[in-house]
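Breakdown of the fold
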Amino acid sequence: MSTSLRPVPRAPDAELSPELLLRVHDLMVRSRVLEERLIAMYKQGDGYFWIGGPGEEAFNIPLGLLVHKGRGLQYDYLHFHYRNSGTMLAMGADPIDSLRQMKNTATDPYSAGRNFSNHYSKREWNVVPVSSVIEPQYAMCIGTGIAQKRAGGRGITIVTGGDAGTAEGDFATCLVWSSRPANPLPVLIIVTNNKWGISTAWTGQHGEKRISDRGKAFGIESKTIDGNDPEVSYRELAAAMEYVRTERKPFLLEAVVSRLYGHSSASGANAVVDEADCLKGFEKKLEDRKLLTRQQMDELRQKYTQELQDAHRKVRQEPQPKGDTIYQHVFQERDLVREGK
Amino acid sequence: MSNMVQAIRMALHVAEERHDLTDVFGEDVGPPLGGAFTATQGIKCAWNSPLDERGIVGASIGLGLAGCRNVAEIQFCDYAYNTIDLLKLAGMQSWSSNGDWNCPMTVMTPVGSGIRGSIYHSHSFDTVATHIPGFKIAMPSTPRDAYGLLLSCIVDPNPCFFLVPKALMRVRTVAGEEIPGEPGDDRALSKLIDAPLGDRSKWQPQWPDTPDIFIPFGEGRTVRRGRDVTVVSYGRTLPLCKKAADELAQEGIEAEVIDLRSLYPYDWARIQESVKRTGRALFVNEDTEITNFGEHLLRRTVEELFYQLVAPPRLLAGAFVPGVGLADNLEMASVPQLPSIRDTIRQLAHQEA
């Protein structure tokens, strides 16, 4: 099967430029500090529930930097799960908006206080509403993939989920539908494998050695990478995206990552010490390469900690949604997605 | 004169030619079959999907979010039960994003009994559908209404259910209710738009020139005027209610029959006006009777029209059993039929005030 496909562009061996590495690091720090602030808000009673992606920054930041961001079929459609705060930050989201959603304020631009933290939605960037259930995005992404295949161009559909969610039928749905011989779809299927489903270990539930092996049965180009290394992530994502953009066929990318604060509030949202921290690993490399000093990195973290503390104080003063707004937007009068406005 | 599946086909044709319908899809929806009930024969944008209802609903949502008007068929509504959370998600795309997104999509699915479909091809879906906020829900009982309601679903910016009563799919339009432009002769229409048996690879439909008809959501139809009892129904049981009312006229009972047509939003003003006149209300559908949509209408009748009622309002619905059994006697005993509808109207009309 794969002999009929054009080979996936090999990830470039060349090191990423120092400027890009520093940009990635800056966003990784900011993303980590954002998640730590969200957890602090939850523990201080400034939010009912936390769930997010600390530990996935080395993968999620490069993803956000590589997304072709915009509205409509010529841009990438994003079907995220609830661990993509770093991706949103890298795309240009203002971190205070994540705090607003955490505090369920009326000013929350993603759901106006209706949804949990890290449940993004932003039509301006083709970010479709994130749901709390772990798998339906793998079924929904088929539709934007079909529309983009028909439209042509370089816009692709990107879907993210976790390893535990691949046990659901919707993951199989995604593999079947994106690789139909009648109409293969330009979908980048991403699984961030943190090896846990809430409190249940991957190893006890899944016999497959790699999730990416499942793609091979469908003739889908598939790969497992070290998602804790931002340089590997960046290069592999760039290559996989280029394949999907040009070949208009699916690619399954499994990124092995860490989960540094457990599943969510449901498991206490406490720091774990026995998993690799991608930020620490990357910072050591930057130090070794003399791109940053420890002091510079500490100052950067302090800067963002202060930024988020200030944002937290601001958000505390913002209003909650009023109860009489619950009937708003059950239905739309206008067809916004067709008008493109 | 068309039957309901032909009317659906003509509406899909009009929608793909004039209203940007981009995809009609589902199991066996494309060539060569054109749908298990032939409702999608000859439609250019119809295509076959894998046998995967979650994929069908998921794809429909994604197409909608991408701005593509689409009709996703679930071959029998019985197969939609494994898609409930996706349907819930479809219904909340606008609300959960505080109005940032909308999702134009239509889930079309055959519902109900009447073809001896046995346990798993006879379920109703109106009660489930009306428990999913964010959807508009249409359920026709005539070919012309099917045509006009389906077009309304397709052009609506929100998710819609188009529930098709299986028992009425082959029932023909009555005189005076034709779709303008359709041939008056059944065989002439069949020759134009029914795919031939055998090899269909070279067949092309010849579509009659039919106009845009958009029957608004929330607009029922009073199919029979009457002073004594208000009967509210939809789908398969609607023509039975009309027939029962016509028969009871010989006994001096004049029942008013309302075809709800649209289950959400629904035409409360019409029900209210009628019940205020008659003081007696009967709600008829064939979904299982516990936590039934008719119970909602009945509750509202009691709460808002209590002092206009002269007798307790009634619900006649399907038996609360796991399925509709195959044997004729089992099906007849499971869902309302003409005799039980007639008897209930009669009892209600005679109940002392």
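Keep in mind it's a predicted model, so treat the numbers as computed, not measured.

**Observations concerning the overall build of chain A**
Secondary structure assignment for chain A yields 12 helices and seven strands. Scaling as 2.2 N^0.38, a compact globule of 341 residues should have a C-alpha radius of gyration of about 20 Å, and chain A matches this with 20 Å. Considering only C-alpha atoms, chain A reaches an extent of 60 × 60 × 40 Å along its principal axes. Put simply, chain A has 341 residues, and 52% of those count as buried. A separation of at least 24 residues holds for 76% of the contacts in chain A among residues at least 6 apart in sequence.

**So, the overall build of chain B**
Helix and strand content of chain B: 11 helices and 12 strands. Radius of gyration (C-alpha) of chain B: 20 Å, near the 20 Å computed for a compact globule of 353 residues. With respect to the three principal axes, the spread of C-alpha positions in chain B is 65 × 50 × 40 Å. Taking all 353 residues of chain B together, the buried fraction comes to 58%. Taking all contacts inside chain B whose residues are at least 6 apart in sequence as the whole, residues at least 24 apart take part in 78%.

**A short note on the nonpolar core**
Core analysis: the largest hydrophobic core is formed by 181 residues, its most contacted members being Cys174 and Leu188 of chain A together with Ala11, Leu150, Phe162, Val231 and Ile345 of chain B. The contacts of phenylalanine 162 of chain B, once residues within four sequence positions are left out, are Thr106, Met108, Ala138, Leu149, Leu150 and Cys153 of chain B.

**Description of the interface of chain B and chain A**
Interface size is commonly expressed as the accessible surface area that is lost when the partners come together. Contacts between the two partners involve 33 residues from chain B and, on the opposite side, 36 residues from chain A. Tallying contributions element by element places helix H2 (residues 53-65) of chain B first for the side of chain B that touches chain A, with 10 residues.

**Structural notes on the sheet that holds strand S1 (residues 21-26) of chain B**
Residues and elements named next belong to chain B. Taken in spatial order, the seven strands of this open sheet run S2-S1-S3-S4-S6-S5-S10, and their pairing is mixed. Strand pairing shows two members of the sheet lacking a second neighbour, strand S2 (46-48) and strand S10 (262-264), which therefore form its edges. Averaged over neighbouring strand pairs, the angle between their axes works out to 20° when direction is ignored. Where strand S3 (residues 69-73) and strand S4 (residues 105-111) come together, three bridges link them in parallel fashion.

**Here's the deal with the pairing of strand S6 (residues 221-226) of chain A**
Looking down a regular strand, the side chains alternate between one sheet face and the other. Residues and elements named next belong to chain A. Of the pairings in the sheet, the one linking S6 to strand S7 (residues 251-256) comprises six bridges and is parallel in character. From the neighbouring strand, serine 222 faces S7, where its bridge partner is leucine 252. Viewed along the sheet, the connection from S6 through helix H9 (residues 230-247) into S7 turns out right-handed.

**Details of the domain arrangement of chain B**
Residues and elements named next belong to chain B. Taken as a whole, chain B is organised into domain 1 (4-193) and domain 2 (221-350). Taking only C-alpha atoms, the centre of domain 1 and the centre of domain 2 are 25 Å apart. Taken together, the contact between domain 1 and domain 2 spans 27 residues of the former and 24 residues of the latter. If you list the elements that add at least two residues to the side of domain 1 that touches domain 2, you get helix H4 (126-129), strand S5 (136-138), helix H5 (143-155) and strand S6 (159-165).

**Comments concerning the sheet that holds strand S7 (residues 221-224) of chain B**
Residue and element names in this part refer to chain B. With mixed pairing, the five strands of this open sheet are ordered in space as S7-S9-S8-S11-S12. Of all the strands in the sheet, the pair left with one neighbour each is S7 and strand S12 (314-318). In this sheet, adjacent strand axes meet at a mean angle of 25° when their direction is disregarded. The pairing of strand S8 (residues 229-233) with strand S9 (residues 255-259) spans five bridges and is classified as parallel. Directly across from valine 231, in S9, lies its bridge partner valine 257. Strands in contact with helix H9 (residues 293-305) are S8, strand S11 (281-288) and S12; relative to S11, the strand with the most contacts, it is inclined by about 155°. Across the sheet, helix H11 (residues 338-350) touches S8, S9, S11 and S12, and the angle it forms with S12 is around 170°.

**Observations regarding unusual backbone geometry**
Residues and elements named next belong to chain B. Residue proline 32 is reached from proline 31 by a cis peptide bond, and omega for that bond is 5°. Here proline 32 lies in the loop between S1 and S2. Of note, the amide linkage connecting tyrosine 264 to proline 265 takes the cis form, showing an omega dihedral of -10°. In this structure, proline 265 sits in the loop between S10 and helix H8 (268-278).

**Quick look at the confidence of the model for chain A**
Chain-level statistics for chain A give a pLDDT mean of 95 and a share of 96% at 70 or above. Confidence drops under pLDDT 50 across residues 1-5 of chain A; counting only partners more than four residues distant or on other chains, this segment forms three contacts.

**Describing the environment of glutamate 73 of chain B**
Residues and elements named next belong to chain B. Here glutamate 73 is to be found in strand S3. Note on glutamate 73: 27 C-beta atoms within 10 Å, which makes it buried. Taking C-alpha positions, glutamate 73 is 18 Å from glycine 235, a pair spaced 162 residues apart along the chain. Ignoring any residue separated from it by four or fewer positions in sequence, one finds glutamate 73 in contact with Gly26, Val29, Gly35, Met108 and Thr109.

**Topic: the packing of helix H4 (residues 95-102) of chain A against helix H11 (residues 294-316) of chain A**
All names here are of chain A. Interaxial distance between H4 and H11 falls to 9 Å at its minimum, and their mutual angle equals 45°. As summarised for this structure, H4 and H11 are arranged oblique, according to the angle between their axes. For H4 against H11, the interelement crossing comes out right-handed. Together, Pro95, Ile96, Leu99 and Arg100 of H4 and Leu308, Ala311, His312, Lys314 and Val315 of H11 make up the contact between the two elements.

**Points about the pairing of strand S2 (residues 157-162) of chain A**
Residues and elements named next belong to chain A. Counting buried positions over the six residues of S2 gives six, a clear majority of the element. Side-chain alternation along S2 places Thr157, Val159 and Gly161 on one buried face and Ile158, Thr160 and Gly162 on a second face that is also buried. Of the strand pairs in this sheet, strand S1 (residues 77-79) and S2 are connected by three bridges, and their pairing is parallel. The partner of leucine 78 across the bridge, within S2, is isoleucine 158. The pairing of S2 with strand S3 (residues 187-193) spans six bridges and is classified as parallel. Considered in S3, the bridge of glycine 161 is made with valine 191. Each parallel crossover has a hand, and the one from S2 via helix H6 (residues 169-178) to S3 is right-handed.

**Concerning the confidence of the model for chain B**
Scored by pLDDT, chain B comes out at a mean of 97, with 100% of its residues at no less than 70. Here the prediction assigns the complex a pTM of 0.97, and the interface score ipTM is 0.96.

**Some thoughts on helix H1 (residues 18-43) of chain A**
Taking 1.5 Å of rise per residue, 26 residues should cover 38 Å, and H1 of chain A covers 37 Å from first to last C-alpha, within 8% of that figure. Two residues or fewer after H1 of chain A comes glycine 45 of chain A, characterised by a positive phi angle close to 85°.

Criteria and cut-off values
Residues numbered from 1 in each chain as written. Chains lettered and ligands numbered in written order. Predicted model: local features only at pLDDT ≥ 70, side-chain atom pairs only at ≥ 80, totals over all residues. Helix = DSSP H or I, 4+ residues; strand = E, 2+ residues; numbered from the N terminus. Rg over C-alpha atoms; globule rule 2.2 N^0.38 Å. Buried ≥ 20, exposed ≤ 12 C-beta atoms within 10 Å, placed from the backbone. Contact = placed C-beta atoms within 7 Å. Core = buried A, V, L, I, M, F, W, Y, C linked by C-beta atoms within 7 Å. Pairing = 2+ DSSP bridges. Axes fitted to C-alpha atoms, helices over the stretch in contact; angles between N-to-C directions. Right-handed = clockwise from strand over helix to strand, strands pointing away. Domains from an automatic or database assignment. pLDDT = per-residue confidence, 0-100. Parallel < 35°, antiparallel > 145°, perpendicular 65-115°, else oblique. Left-handed = near helix turned anticlockwise from the far one by under 90°. Expected span 1.5 Å × (residues − 1).

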